Amino acid sequence: MYDVSPRERIRELDAVRGFALCGMPVVIIWQMTDMTATVPSGEAMDPLRHALSVLVEGRFFPIFAFLFGLSFALFLDRAAERTARPRLAVARRLIALGVLGLAHQRFQPGEALLPYAAVGAVILLPASALPLWLIVAAGLVGTVGVALTLGGGLALVPGLFLLGLAAGRHGPVVDLRGRTWQLAAVFALALPAALVAAVWEWRTPYLELWTSSIEPIAGLFGALTYLTGLLLVLRTGYFEVLAEVLEPMGRMALTNYVSATALILLAEPHLRLGGTTRYPALLGLAAGIVVFHAFVSYLWLSWFRYGPLEWVWRCVTWWRIVPLGKTEPEGVAAIGLPLR
């Protein structure tokens, strides 16, 4: 969700971020509308909900969190080249994200922006000064260790942030095109592990899922499989259209994430999903949100450099009005601290 100048962006990462956004509405919808997860007896999950849990839940949010940590590292490095006080710019950025998250939380209680901002300030900023090996070790403990002991959800965010920070600092993402074999090797290892974990999760009784660590472990393996699999698909040359659709969505990740909440709130009085197991309707709404975001993102970025919320976020970060239109000149009046 961290944004950089369009000239500095890594397009594959934007496409992956857009892909992660495609899966998140499914979980957000059932959380916001409080849909029923089980059949009337309450002893087993609704079959479609169960399938969505295995395919979607816990698979897309880790990708998003990892990319946040990775983008944080890239942004901090680039900010150091542009200002004498890069950490001040990052601090303003996190504060702005936290304020937006606080407002957003009133409408989506399980939203991620406020926790992201808090973890970014408390963990990412200090950790950025640590040696790489220590960041990796802490990240592994914070993901695998937490998944095995404390479960998943937001508890995994600190570890995923740190792993993303380590990846950004190590530098492999800068040359993704030259790392096809490494990605293929990771995918080849992650795919069978993800399949075994998914089958295990599917066969675990509903009530046991609350006390088992299988959900977060299966989610992490699934996220790794989706991430590396998509990167491999994007480099085949046969999926240019897919990249063209996903990349604008990823560039407007903050705007799309927040606007999804508004779209769900507008749709719920008509669909009335709360308290039901109408998961086909949920899938229809989620698909509609993705199509809407894809269309609007492509259209908006054909005219402007940044999404609406991304632009505001960037202005606060640099404490100046930055150009929004593609035809606007670079030289604009600052509203505070100048960009150096």
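Keep in mind that this is a model prediction, so the values were computed, not measured. (Residues numbered from 1 in each chain as written. Predicted model: local features only at pLDDT ≥ 70, side-chain atom pairs only at ≥ 80, totals over all residues. Heavy atoms only, no water.)

## Here we look at the overall build of the protein chain
Step number 1: Within the protein chain, the secondary structure is distributed over 14 helices and 0 strands.
Step number 2: Listing every helix and strand of the protein chain by position from the N terminus yields α-α-α-α-α-α-α-α-α-α-α-α-α-α.
Step number 3: Its C-alpha radius of gyration of 20 Å places the protein chain within 12% of the 20 Å reference for a compact globule of 340 residues.
Step number 4: For the protein chain, the C-alpha atoms occupy an extent of roughly 65 × 50 × 40 Å along the three principal directions.
Step number 5: A buried classification covers 50% of the 340 residues belonging to the protein chain.
Step number 6: Restricting to contacts in the protein chain with at least 6 residues of sequence separation, those with at least 24 account for 74%. (Helix = DSSP H or I, 4+ residues; strand = E, 2+ residues; numbered from the N terminus. Rg over C-alpha atoms; globule rule 2.2 N^0.38 Å. Buried < 20%, exposed > 50% of the residue type's maximum accessible area, 1.4 Å probe, protein only. Contact = heavy atoms within 4.5 Å.)

## Regarding helix H13 (residues 279-301)
Step number 1: A rise of 1.5 Å per residue sets the reference length of H13, with its 23 residues, at 33 Å; its end C-alpha atoms lie 32 Å apart and thus fit the reference within 8%.
Step number 2: For H13, every residue scored as buried is listed here: Tyr279, Leu282, Leu285, Ala286, Ile289, Val290, His293, Ala294, Ser297 and Leu301.
Step number 3: Each element contacted by the buried residues of H13 is listed here: helix H1 (11-33), helix H2 (47-55), helix H11 (240-251) and helix H12 (253-271). (Expected span 1.5 Å × (residues − 1).)

## Focus: helix H5 (residues 113-127)
Along an α-helix, residues three or four positions apart point the same way, because every turn accommodates 3.6 residues.
Step number 1: In this model, H5 (15 residues) spans 20 Å end to end at C-alpha, consistent with the 21 Å of a helix rising 1.5 Å per residue.
Step number 2: At glycine 120, H5 shows its strongest bend, of approximately 45°.
Step number 3: Leu113, Tyr116, Ala117, Val119, Gly120, Leu124, Leu125 and Ala127 are the residues of H5 that are buried.
Step number 4: Among the structural elements, helix H3 (61-82), helix H4 (86-104), helix H6 (132-149), helix H7 (157-170) and H12 are those in contact with the buried residues of H5. (Bend = angle between axes of the 7 residues up to and from the residue.)

## What about empty space enclosed by the protein?
Step number 1: Using the criterion set out here, one finds 4 cavities of 30 Å³ or more in the structure.
Step number 2: Of the volumes computed, that of the second largest cavity is approximately 60 Å³.
Step number 3: Residue lining of the second largest cavity: Leu21, Met24, Pro25, Ile28, Asn256, Tyr257, Ala260 and His293, and that is the complete set.
Step number 4: Every element with two or more residues in the lining of the second largest cavity is listed here: H1 and H12.
Step number 5: Considering every element that reaches the lining of the second largest cavity, the biggest residue donor is H1, with 4 residues. (1 Å grid on protein atoms, 1.4 Å probe; cavity = no way out; pocket = protein on both sides within 12 Å on 5 of 7 lines; lining within 4 Å. Points joined across faces, edges and corners; volume = space filled by probe spheres on them.)

## Topic: the side chain of threonine 261
Step number 1: Here threonine 261 is to be found in helix H12.
Step number 2: Polar side-chain contacts of threonine 261 include one of 2.7 Å to the side chain of glutamine 108.
Step number 3: Excluding anything up to four places from it in sequence, threonine 261 contacts Met32, His104, Phe107 and Gln108. (Polar contact = N/O pair within 3.5 Å; in protein donor to acceptor, adjacent residues only side chain to side chain.)

## What about the packing of aromatic side chains?
Step number 1: Within this structure, the stated rule accounts for 9 aromatic pairs.
Step number 2: Summarising the aromatic geometry, the rings of tryptophan 30 and tyrosine 279 are spaced 6.3 Å apart at their centres and angled 80° between planes, so their arrangement reads as edge-to-face. You can see tryptophan 30 sitting in helix H1 and its partner tyrosine 279 sitting in helix H13, a full 249 residues away along the chain.
Step number 3: For tryptophan 30, a relative accessible area of 4% translates into the label buried.
Step number 4: On the basis of relative accessibility, which here comes to 0%, the residue tyrosine 279 falls in the buried class.
Step number 5: Considering the side-chain rings of phenylalanine 68 and tyrosine 116, the 5.1 Å spacing of their centres and the 65° angle between planes classify their relative orientation as edge-to-face. On the criterion of sequence distance, the pair formed by phenylalanine 68 in helix H3 and tyrosine 116 in helix H5 is long-range, its members being 48 residues apart. (Phe/Tyr/Trp six-rings, centres within 6.5 Å; stacked < 30°, edge-to-face > 60°.)

## A word on the confidence of the model for the protein chain
Step number 1: Looking at the protein chain as a whole, the pLDDT averages 89, with 91% of positions reaching at least 70.
Step number 2: Across residues 331-340 the pLDDT falls below 50, and counting only partners more than four positions away or on other chains, this stretch makes 23 contacts in the model. (pLDDT = per-residue confidence, 0-100.)

## A closer look at the environment of leucine 48
Step number 1: Locating leucine 48 in the fold gives a position in helix H2.
Step number 2: Here the alpha-carbon distance between leucine 48 and alanine 253, two residues 205 residues apart in the chain, equals 27 Å.
Step number 3: If sequence neighbours within four positions are ignored, leucine 48 has contacts with Tyr279, Pro280 and Leu283.

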